[in-house]
Amino acid sequence: MFSSSYHRRDCTIKQEERQRKLDELPSSYFEASTEADDKVLDLSLSELVQRHSAGSLSTASILLAYGRKAVLAQKATNCLAGVMIQEALARKTPVSETGTDSLTPLSGVPVSIKDCVDIEGYDTTVGYSSKVNHPASSSAAIVRLLHDAGAITHVKTTTPPGLLGLETSSDLFGRTSNPYNEKYVSGASTGGGGALLASRGSVIEIATDLGGSARMPAHFCGVYGMKSSIGRFPSWGTLPPMPGLESVSVSTCAMSRRLDDLEEFWKRIVKMQPWDYDHTCVPLPWRPIDLQGTKLKFGVIWEDGIVSPSPACRRALEWTCDALEKQGHEVVDFSPPSIAEGLNIGFQLSFSDGGTGVFGPVRKDEKLDPVLLGIKSLLGMPLWLKKFLAIVTRKLTGDEVWASMLEKLHVKSPAEERSLVVSRDEYRAKWHSAWEAEEFDFVLTVPHALPAIPAGTAEKVTLVSCGYMMIFNILDYAAGVLPVSFVDRQSDALPKDFMNSAEYKSMGLISKGAYSVYDAEAMHGLPVGVQVVGRRLEEEKVLQGMKIVEDALEACSRKFVPRKF
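Residues numbered from 1 in each chain as written. Predicted model: local features only at pLDDT ≥ 70, side-chain atom pairs only at ≥ 80, totals over all residues. Heavy atoms only, no water.

Peer 1: Can you explain the overall build of the chain? Please cite residues and give values.
Peer 2: For the chain, the helix and strand inventory stands at 22 helices and 15 strands. Taking 24 Å as the expected radius of gyration for a compact globule of 565 residues, we find that the chain reaches 23 Å, a close match to that expectation. In terms of its C-alpha atoms, the chain occupies a principal-axis envelope of roughly 70 × 65 × 45 Å. Considering only contacts in the chain between residues 6 or more positions apart, those separated by 24 or more positions represent 81%. In the structure as shown, the chain presents an accessible area of about 21,500 Å², 52% of it carried by carbon and sulfur atoms. Here the chain contributes 61 positively and 69 negatively charged side chains, and the mean placements of these two sets differ by 3 Å. (Helix = DSSP H or I, 4+ residues; strand = E, 2+ residues; numbered from the N terminus. Rg over C-alpha atoms; globule rule 2.2 N^0.38 Å. Contact = heavy atoms within 4.5 Å. Areas by Shrake-Rupley, 256 points an atom, 1.4 Å probe, with all protein chains shown as cover. Lys, Arg positive; Asp, Glu negative; His and termini not counted. Charge placed at Lys NZ, Arg CZ, Asp CG, Glu CD.)

In structure tokens form, the structure reads like this:
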């Protein structure tokens, strides 16, 4: 009866709390960055740790430099869910008596935390108003590890309700925009973290990834992110979008402003033996790997069979392939097992509970992303009607992908769910055989068919467009995204009369919806990236693969240079 008033009340409470935390900051945090700040911001993670451990760089100086950028990022993009700068200043950071980083390998490193990760004494809202005023009683494993390692957790970042969608927007915090263009989205569900990193407001973001939740913002915002295999990174105390779902699990992972920092962060996290903090972690030490000077084999997936890459994203992939070939690597086309088939299995498993996990915490008048509303509507539709619509879709459009989604996305019985898990494992076996037969070192794809999309257009693009990313959650492969280029209004424009072309007319409904928002002129200057994929538990190798790609691009004078915010 009163849920609507409770919703409005709690949204107001949370927004006022965030503003109060900002207002309480010293006036120096609202001043322009200085030359000294820029020197701090330019330090690599390793340099930052070394200087902080040695005592030549104080916590206050680091927080001022990054805090100023976080404040500006919030004003420009609305990326913060919580501000913990004052608490970080007051927290006693472990300091090595010898002045080295042996005991505190992340000493002085600012790390932002996605608002689905528990921090003792703070709400973990996951974008829902119903979770306001329910502070966590204990911190997640990764947060405890970070504090023991000397890291500075200074802000929490925004998410959409339930961590699902293509845009980070909620009644609770509002819409998070892309720092490169406020009319475009920063991605989801780690959209707040992507925007903050691009704005230089943090060194590392603790993210999660189910269907590209870390990799999409990396692609849209021009930063770095790697989804790890389940069990490699501490995840206990991180709230997933579908609690209890194991068949397509959420990967807790990291994003960064620089690739070297991402690799160094991973090394230092594993050095802390995360399995001592989190019983779900695999006790697997860091395995150094050096692929420099090695001729490698890359398989390229040009199409996922659902949405063809837009000209800008295809160009980024083409540039990557050309650069690798010039360095002597073997680059071949790869036609994998049907990605549409794998997605179909994955979506059915993800929503086998009828969406209870995602929609249960939603209050009566809480606005949801149109993508989520569409899924909710589809799940609530009678099965006979969905089957009828599937028949009509096949007859009128020939779109088998969408027709199959219509007739198969419904509540599953325990027996049906177990059968789907069997199908998932058989699908994974197909990929394993295909990879082994080709003897790939890595697979390359676009992260998404589009660059960042205009705000409010997610309904046209749909979650199914995330196939290039979600398929590797279903497979549990390690996959990383790095920035390559920017959309160019001339070279990335669609041909004139494209919407009347045979190519467009042959597209399915999902692809046509995605292409309806693509406009190279309007998207000019937005980042585009590439995805580097390895197999299960190959995080060290994927990071090296990303490095090889980045070095190859630089050797071709195509090094990505982010805008400085």
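Peer 1: Tell me what's going on with the side chain of Lys 227, and back it up with residues and numbers.
Peer 2: By the secondary structure assignment, Lys 227 is in strand β9 (residues 224-227). A distance of 2.6 Å separates the side chain of Lys 227 from the backbone oxygen of Tyr 477, its partner in a polar contact. With residues up to four places along the chain from it excluded, the contact list for Lys 227 reads Asp 209, Arg 215, Ser 251, Cys 253, Phe 472, Asn 473, Asp 476, Tyr 477, Ala 478 and Ala 479. (Polar contact = N/O pair within 3.5 Å; in protein donor to acceptor, adjacent residues only side chain to side chain.)

Peer 1: Lay out a nonpolar patch on the surface in plain terms, naming residues and giving numbers.
Peer 2: Taken together, Trp 384, Phe 388 and Leu 389 make up a surface patch of nonpolar side chains, about 360 Å² in accessible area. Structurally, the position occupied by Phe 388 is in helix α14 (residues 383-397). Owing to a relative accessible area of 47%, Phe 388 belongs among the partly exposed residues under this scheme. (Patch = residues over 30% accessible without salt bridge, like charges linked within 9 Å, V, L, I, M, F, W, Y side chains within 5 Å. Salt bridge = Lys/Arg side-chain N within 4 Å of Asp/Glu carboxyl O. Buried < 20%, exposed > 50% of the residue type's maximum accessible area, 1.4 Å probe, protein only.)

Peer 1: Give me the lowdown on the packing of helix α3 (residues 45-54) against helix α9 (residues 259-271), citing residues and values where you can.
Peer 2: Their axes nearest at 8 Å, the elements α3 and α9 cross at an angle of 55°. In terms of axis orientation, α3 runs oblique to α9. Of the residues in α9, those in contact with Leu 45, Ser 46 and Val 49 of α3 are Asp 261, Glu 264, Phe 265 and Arg 268. A per-class count over the contact of α3 with α9 returns three nonpolar, one polar and three charged. (Axes fitted to C-alpha atoms, helices over the stretch in contact; angles between N-to-C directions. Parallel < 35°, antiparallel > 145°, perpendicular 65-115°, else oblique. Nonpolar A, V, L, I, M, F, W, Y, C, P; charged D, E, K, R; others polar.)

Peer 1: Talk me through the nonpolar core; I want residue IDs and the actual numbers.
Peer 2: Formed by 165 residues in total, the largest nonpolar core has its most connected members in Leu 146, Ile 206 and Phe 265. Phe 265 has contacts with Leu 45, Leu 106, Leu 146, Ile 204, Ile 206, Phe 233 and Ala 254, leaving out every residue within four places of it along the chain. Counting residues in each nonpolar core, the second largest holds ten residues, with Ala 214, Val 223, Cys 253 and Met 255 among its members. (Core = buried A, V, L, I, M, F, W, Y, C linked by side-chain atoms within 4.5 Å.)

Peer 1: So what's going on with α3? Residues and values would help.
Peer 2: Since the α-helix packs 3.6 residues into each turn, any two residues three or four apart lie on the same face. Looking at α3, one finds that the buried residues are Leu 45, Leu 48, Val 49, His 52 and Ser 53. On an axial view of α3, the arc spanned by its buried residues comes to 120°, and they lie on one face. Looking at the buried side of α3, the elements it contacts are α2 (35-41), α4 (59-77), β2 (110-114), β8 (204-209) and α9. Just beyond α3, the residue with positive phi is Gly 55, at close to 90°. (Arc of directions from axis to C-beta.)

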